[in-house]
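So you can see what is in the structure, the chains are spelled out below.
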Amino acid sequence: LRRQRQMCIRDSHTPFALATDAAKVIADQTSISRHDIALTLGSGWAKAADLIGETIAEIPAGDVPGFASSGVPGHTGTIRSIKMANGKHALVIGARTHFYEDKGVRAVVHSVRTAAACGAKVMVLTNGAGGIKDHWTPGTPVLISDHLNLTASSPLEGATFIDLTDLYSSRLRDIARTIDPTLDEGVYVQFRGPHYETPAEVQMAKTMGGHIVGMSTALEAIAAREAGMEVLGLSLITNLAAGISPEPLSHKEVIEAGQMAEPVISALLAKIVAAL
Ligand code: HPA
């Protein structure tokens, strides 16, 4: 009996049970039983939430099971339910847990699993990132076509063999390009951070086929695919990656580049989301 009870306790604490609990709270607080699409808005993308549609409800992330309010400047901490003009419901997650926070990879992908538990079939993951292609000036939005996961971690536990061949859905990228045909794309390389890369690490990423360096999206995309969602990934190039430009990197400049680009890329994202 003791073992049985222990099993029960363990089951109620699986990451999926926690995501289901979070989804229940979101459904209760928003009165929307099912969301169609979810977005994680990284640095530079937050304003998109105001342009996607009519905000039905906004919940402090800290009120939802498994979420902690973000302590990173430039990362807001709410979960918003938005009704789009086409009648679809979007869930906007403005709270991201980064791998470098050392809260474990379950915490990193909890928002994605919650989005899936809320019913979302499409997960839009956005971030601010460094660019390896030197013609990507700060403020350029780029579609993510694939990734290199250099975190040495995975959100999948046990023998969970998930196909990642078309992880960043070519169908969704095509739709995004119908909105802006000039959108370039590239391979996102996730480093652990929180330090920015050394120039040598950026050269390594480039040699391995990478074009964008960041600290978030790859682990989330894997969890989204495991949950059966289709993934659209977008990076805002906030800076050229270390050593690509001779300029040193600063978090302040990364945030400022995001703020400068925000109106344009947020409008772009709102149009893309309406077409998904
Ligand atoms: N590297 C990693 N993450 C980032 C960068 C970068 O250059 N810029 C913004 N986020």
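Residues numbered from 1 in each chain as written. Predicted model: local features only at pLDDT ≥ 70, side-chain atom pairs only at ≥ 80, totals over all residues. Heavy atoms only, no water.

### Thoughts on helix H4 (residues 105-117)
End to end, H4 covers 18 Å across 13 residues, agreeing with the expected 18 Å (1.5 Å per residue, within 8%). When the local axis directions of H4 are compared, the greatest deviation, roughly 40°, occurs at Ser111. Those residues of H4 lying buried are Val105, Val108, Val109, His110, Ser111, Val112, Arg113, Thr114 and Ala115. Structurally, H4 contributes buried residues whose contacts are with helix H2 (15-30), strand E1 (37-40), strand E4 (89-93), strand E5 (122-131) and helix H7 (217-226). Phi turns positive one or two residues past the end of H4, at Gly119, with a value near 105°. (Helix = DSSP H or I, 4+ residues; strand = E, 2+ residues; numbered from the N terminus. Expected span 1.5 Å × (residues − 1). Bend = angle between axes of the 7 residues up to and from the residue. Buried < 20%, exposed > 50% of the residue type's maximum accessible area, 1.4 Å probe, protein only. Contact = heavy atoms within 4.5 Å.)

### Comments concerning the packing of H4 against H7
Packed helix pairs are characterised by how far apart their axes lie and by the angle those axes make with each other. The interhelical angle for the contact between H4 and H7, taken along N-to-C directions, is 55°, at an axis separation of 9 Å. As summarised for this structure, H4 and H7 are arranged oblique, according to the angle between their axes. Read as a crossing pair, H4 and H7 show a hand that is right-handed. When H4 is examined against H7, the residues Val105, Val108, Val109, Val112 and Arg113 are found in contact with a partner set consisting of Leu219, Glu220, Ala223, Ala224 and Glu226. (Axes fitted to C-alpha atoms, helices over the stretch in contact; angles between N-to-C directions. Parallel < 35°, antiparallel > 145°, perpendicular 65-115°, else oblique. Left-handed = near helix turned anticlockwise from the far one by under 90°.)

### So, the side chain of Ser266
Considering the arrangement of structural elements, one finds Ser266 in helix H8 (residues 251-275). Its relative accessible area of 0% is what places Ser266 among the buried residues. Within the structure, the side chain of Ser266 is placed 2.7 Å from the backbone oxygen of Glu262, a separation counted as a polar contact. Ignoring any residue separated from it by four or fewer positions in sequence, one finds Ser266 in contact with Gly44, Trp45, Lys47, Ala48 and Leu51. (Polar contact = N/O pair within 3.5 Å; in protein donor to acceptor, adjacent residues only side chain to side chain.)

### Section: the pairing of E1
Judged by which residues are buried, E1 turns out to be covered on both faces: Ile37 and Leu39 on one side and Ala38 and Thr40 on the other are all buried. Alignment of E1 against E4, held across four bridges, turns out to be parallel. What sits directly across from Ile37, in E4, is Ala90. Pairing geometry for E1 and E5, over four bridges, is parallel. By the bridge assignment for E5, Thr40 is matched with Leu125. (Pairing = 2+ DSSP bridges.)

### Considerations on the pairing of E5
Counting buried residues in E5 gives nine out of ten residues, a clear majority hidden from the surface. Pairing of E5 with strand E9 (residues 230-240), which is carried by ten bridges, proceeds in the parallel orientation. What sits directly across from Val122, in E9, is Glu230.

### Re the packing of helix H5 (residues 170-179) against H8
Where H5 meets H8, the axes come as close as 9 Å, and the angle between the chain directions of the two elements is 125°. Taken together, the axes of H5 and H8 are oblique relative to one another. Between H5 and H8 the crossing geometry is right-handed. Residue-level contacts link Ile175, Ala176 and Ile179 of H5 to Leu268, Lys271, Ile272 and Ala275 of H8.

### Let's talk about the site of the ligand
Within the structure, the ligand sits among Gly128, Ala129, Gly130, Tyr196, Glu197, Val213, Gly214, Met215, Thr238, Asn239, Leu249 and Val254. A distance of 3.3 Å separates a nitrogen atom of the ligand from a polar backbone atom of Gly128. Taking Asn239, its side chain carries an N or O atom lying 2.6 Å from a nitrogen atom of the ligand. Starting from 260 Å² of accessible surface for the ligand in isolation, the protein chains cover 95%. Counting residues per element, the ones that place at least two in the shell around the ligand are E5, strand E8 (212-214) and E9. In terms of residue count, E5 provides more of the shell around the ligand than any other element does, three residues in total. Its residues placed into classes, the shell around the ligand shows six nonpolar, five polar and one charged. (Near = heavy atom within 4 Å. Areas by Shrake-Rupley, 256 points an atom, 1.4 Å probe, with all protein chains shown as cover. Nonpolar A, V, L, I, M, F, W, Y, C, P; charged D, E, K, R; others polar.)

Take it as geometry only, folks, not as evidence of what the structure does.
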